[in-house]
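# Commentary on secondary and tertiary structure
Single-letter residue listing:
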Amino acid sequence: MVEPPARRGPAEPTTDANLAFVQRHLAHRHLQFTPLASWPGHRGALTREAKRRGLTVREQDKSMYFFQAGRCIGGTVGLISTLVGYSAARTTRSKTFTKDLLARAGLPVPRGRHFPATRLETAVSWWAEQTTDGGLGEVVVKPADGNAGRGVSVEVRTEDQLRSAWQRARRESSRKQVILEEQVRGVDTRVFVVGDRAVAATVRVPAHVIGDGSRSVAKLAEEYEQARTVHKYLSSRPTFLDVTLMGRRGIGLDDVPATSEVVFLNGTANVSQGGVTVDVTEEIHPELLELAVRAVSAFPDLRCAGVDLLVPELGSPEGATVIELNTSANLSINQVPGYGTPRDVAAALLEEMQRGR
Ligand SMILES: Nc1ncnc2c1ncn2[C@@H]1O[C@H](COP(=O)(O)OP(=O)(O)O)[C@@H](O)[C@H]1O
Ligand SMILES: [Mg+2]
């Protein structure tokens, strides 16, 4: 006889949205990943598509250029393509300045402030004022110029948590700036915009298992890891089991989740931590795609970007916010989702380059 699961700690807005998403969009196809036998990566996908289009590819170190009838039509340096202007690439490195430009364009962004990393006490006072006013509530603390989720703390509720989150964020900020931001609800949605078109929308959710009433979290996690091996991009990184976070949520590796109970194995949706990507290009509300396109067009020299939205409900634009723009977005996230239909982002990028300005 299996005991019913205990109530697992306080409600967590981000987790709630992820939970609803998993129950609605993934539970019926749990572990039925879209098979992907091999994957050349972002740059490999671009090279392959360029050759398919009869273009010549010249490569040196991190730079790669594409030629059509002898004329260079575009290229990429690392992950930053020639569709991204220098100013946009520089400006989007600052999440605060990016949000400022987005807000001026009338787009919804989370409220917050950034502080030099030396001004922890100022930040603590500001946070205290905001929270006693019934303002910010739970906050997110993150480096103003970070990436890949490094140094980001969510669900910060107490001064102690704020102080330690601050240290994590400052370590990952090269310009030593830290953001305190209202924690908004929603699933992590990456929309890849090329030109004035949203080419693909992909939700990212943290690694998770679904109970069957008989196997432990550890056993189910092994099965999850094994199932991911059919997808070469997802399985290139092992799943991170965050036992501390699970412990805080009242669950251990030896516990046996009830049938249909969803257990998240860690708190971040990054593929590098074992997260999964789900194509939602057809399901997402068109106004959310439009929001991503408008975010890109807020920058005069930007013709492609990965736009990060937090979306409370995929079928509605209500409450959605733009949290950042990635000018060096890895197209693999959208092109080869773990669940659902692949979208040809590489083709869209090459097409935009061939179209010219
Ligand atoms: N204001 C916020 N509210 C809720 N979650 C957030 C917020 N800001 C960031 N996050 C979470 O942290 C992740 C990383 O934050 P992001 O600003 O995209 O930084 P990075 O450049 O490291 O990707 C997001 O994908 C999201 O899950
Ligand atoms: Mg991001």
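A brief report on the enclosed structure follows. A quick note: this is a predicted structure, and the numbers were derived from the prediction, not measured. (Residues numbered from 1 in each chain as written. Chains lettered and ligands numbered in written order. Predicted model: local features only at pLDDT ≥ 70, side-chain atom pairs only at ≥ 80, totals over all residues. Heavy atoms only, no water.)

## A closer look at the overall build of the protein
Within the protein, the secondary structure is distributed over 11 helices and 15 strands. Each principal axis of the C-alpha distribution contributes one length, and for the protein these read about 70 × 50 × 35 Å. Considering only intrachain contacts with a sequence separation of at least 6, the fraction spanning at least 24 residues in the protein is 72%. For the protein, the accessible surface area stands at approximately 16400 Å², while carbon and sulfur atoms represent 50% of it. The distance from the centre of the 45 positive side-chain charges to the centre of the 41 negative ones in the protein is 7 Å. (Helix = DSSP H or I, 4+ residues; strand = E, 2+ residues; numbered from the N terminus. Contact = heavy atoms within 4.5 Å. Areas by Shrake-Rupley, 256 points an atom, 1.4 Å probe, with all protein chains shown as cover. Lys, Arg positive; Asp, Glu negative; His and termini not counted. Charge placed at Lys NZ, Arg CZ, Asp CG, Glu CD.)

## A word on the sheet that holds strand β6 (residues 139–143)
Taken in spatial order, the 4 strands of this open sheet run β5-β8-β6-β7, and their pairing is antiparallel. Either end of the sheet is taken by a strand with one partner, and the two such strands are β5 (112–116) and β7 (153–156). Strand-to-strand, the axes of this sheet are offset by a mean angle of 20°, without reference to chain direction. Where β6 and strand β8 (residues 177–182) come together, 5 bridges link them in antiparallel fashion. Looking across to β8, one finds that V139 is bridged to E182. (Pairing = 2+ DSSP bridges. Axes fitted to C-alpha atoms, helices over the stretch in contact; angles between N-to-C directions.)

## Some thoughts on the packing of aromatic side chains
Tallied over the entire structure, the rule returns 4 aromatic pairs. Their ring planes at 70° and their centres at 6.4 Å tell us that F33 and Y224 sit as a pair that is edge-to-face. With F33 in the loop between α1 (13–26) and α2 (41–52) and Y224 in helix α7 (residues 217–228), this pair connects stretches of sequence that are 191 residues apart. The exposure class assigned to Y224 is buried, which follows from its relative accessible area of 1%. An aromatic cluster is built from F33, Y224 and Y339, whose rings are joined through pairwise contacts. (Phe/Tyr/Trp six-rings, centres within 6.5 Å; stacked < 30°, edge-to-face > 60°. Buried < 20%, exposed > 50% of the residue type's maximum accessible area, 1.4 Å probe, protein only.)

## With respect to the state of the cysteines
Working definition: the covalent bond between the sulfur atoms of two cysteines is a disulfide. Scanning the entire structure with this criterion turns up 0 disulfides. In this model C72 remains outside any disulfide bridge; the closest cysteine sulfur is found in C304, 15 Å from its own. C304 sits in the buried class, given a relative accessible area of 5%. (Disulfide = S-S within 2.5 Å.)

## Some remarks on the sheet that holds strand β13 (residues 276–279)
Here 5 strands make up an open sheet; going across it, the order is β13-β10-β9-β14-β15 and the pairing antiparallel. Two strands bound the open sheet, and with one partner strand each, they are β13 and β15 (321–326). Along the sheet, successive strands turn relative to each other by an average axial angle of 30°, direction set aside. The pairing of strand β9 (residues 187–194) with strand β14 (residues 304–311) spans 8 bridges and is antiparallel. The residue of β14 that forms the bridge with V191 is V307. Across the sheet, helix α9 (residues 286–297) touches β9, β10 (197–205), β14 and β15, and the angle it forms with β14 is around 130°.

## Overview of the packing of α2 against helix α11 (residues 345–355)
It is the contact of α2 with α11, at a shortest axis distance of 9 Å, that shows an interaxial angle of 60°. Between α2 and α11, the angle is such that the two are oblique. Crossing handedness for the pair α2 and α11: right-handed. Contacts between α2 and α11 pair A45, L46, E49 and A50 from the former with A346, A347, L349 and L350 from the latter. (Parallel < 35°, antiparallel > 145°, perpendicular 65-115°, else oblique. Left-handed = near helix turned anticlockwise from the far one by under 90°.)

## Focus on the site of ligand 1
Looking at ligand 1, there are 18 residues lining it, with K95, K142, G149, E181 and D188 nearest. G146 places a polar main-chain atom, nitrogen or oxygen, 3.2 Å from an oxygen atom of ligand 1. Between ligand 1 and E182 there is a distance of 2.9 Å, counted from a nitrogen atom to a backbone nitrogen or oxygen. Protein chains shield 91% of the accessible area of ligand 1, which is 540 Å² for the free molecule. Elements that contribute at least two residues to the shell around ligand 1 include exactly β6, β8, β14 and β15. In terms of residue class, the shell around ligand 1 is built from 7 nonpolar, 4 polar and 7 charged. (Near = heavy atom within 4 Å. Polar contact = N/O pair within 3.5 Å; in protein donor to acceptor, adjacent residues only side chain to side chain. Nonpolar A, V, L, I, M, F, W, Y, C, P; charged D, E, K, R; others polar.)

## Quick word on the coordination of the magnesium ion (ligand 2)
Around the magnesium ion (ligand 2), the donor atoms from the protein are D308 (OD) and E324 (OE), and they sit 2.0 to 2.2 Å away. A residue pair is termed long-range when its members are at least 10 positions apart, and D308 in strand β14 and E324 in strand β15 qualify at 16 residues. Overall, the relative accessible area of 4% leaves D308 in the buried class. Classification of E324 by relative accessible area gives buried; the value is 14%. (Donors = N, O, S within 2.8 Å, 3.2 Å for Na, K, Ca; no water.)

## Section: the side chain of S173
With respect to the secondary-structure elements, S173 resides in the loop between α6 (159–172) and β8. A polar contact is formed between the side chain of S173 and the side chain of D145, at a distance of 2.9 Å. Engagement of the side chain of S173 in a polar contact is seen with the backbone nitrogen of K176, the distance being 2.8 Å.

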